[in-house]
Amino acid sequence: MNNKLRYFIIMLLGVIMNEGLSAVAEPYPVWLDVTGTAMAALVLEPAAGLIVGLVNNFFIALFKYDQTTLIYYCVSAAVAVIVGNVVKNKEGKITLKNVLYTIILVIAVSTLLSSLLTIWQSGGVSNAAFEQIKFNAFVEDGMHPYLACVLTTFIVKIYDTLATAVIVGIVYIILPKRLKYQS
């Protein structure tokens, strides 16, 4: 298979995964909007994941929330860079150790970035209803709003990252070899 066609197919699949899974996940306390980003970074390279994430964040900024949410692209970018560089070992093999390390790193980095951006943008109050509920509960219990933002984001990122890892793993397993590997 032509490598340009392979890139196009994987990146298109990544965009479809991001948009489709994000829409399906709306009623649940997860985002699932970086699944395609992570998959493209894993199968191709971090740069492919960066492009898929950018398309996704433009879509979210234009059609779901507003242009101020484009700043969250740095979370997608971090996921692409982490997944693309950490999941596989030096021999190009996916190891359980690297997968677990990647999950922990994605949770930590995306929590930090998302929290800082939400605090900067809106004082810590997310525009997602499921995050607002948890945030408000923490604040009502006397927690400082910034800490409530970080804790809420951390809880959501745990579920979101674990679900994303499972989905990306399944897609990777069922993906035809001609799409997984450069010929």
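The preceding data block contains the structure.
Quick notes on the rules
Residues numbered from 1 in each chain as written. Predicted model: local features only at pLDDT ≥ 70, side-chain atom pairs only at ≥ 80, totals over all residues. Heavy atoms only, no water. Helix = DSSP H or I, 4+ residues; strand = E, 2+ residues; numbered from the N terminus. Expected span 1.5 Å × (residues − 1). Buried < 20%, exposed > 50% of the residue type's maximum accessible area, 1.4 Å probe, protein only. Contact = heavy atoms within 4.5 Å. Core = buried A, V, L, I, M, F, W, Y, C linked by side-chain atoms within 4.5 Å.

**Q** How do you make sense of helix α3 (residues 46-64) when you look at a structure like this?
**A** Residues spaced three or four apart along an α-helix point in a common direction, a consequence of the helix completing one turn every 3.6 residues. The terminal C-alpha atoms of α3 lie 25 Å apart, and with 19 residues this matches the ideal 27 Å at 1.5 Å per residue to within 8%. Turning to α3, its buried residues are P46, A48, G49, V52, G53, N56, N57, I60 and A61. Residues of α3 that are buried make contact with α1 (3-25), α2 (35-43) and α4 (73-86).

**Q** Sorry if this is basic, but what is going on with the nonpolar core here?
**A** Burial of nonpolar side chains together is a common tendency in soluble globular proteins. I10, M39, L42, V43, L44, V79 and V83 are the most contacted members of the largest nonpolar core, which has 26 residues in total. At the level of elements, α1, α2, α3, α4 and α7 (145-174) are the ones that each hand at least two residues to this core. Per-element tally for this core: the top contributor is α2, with six residues. Setting aside its immediate chain neighbours within four residues, M39 contacts I10, L13, G14, M17, V168 and V171.

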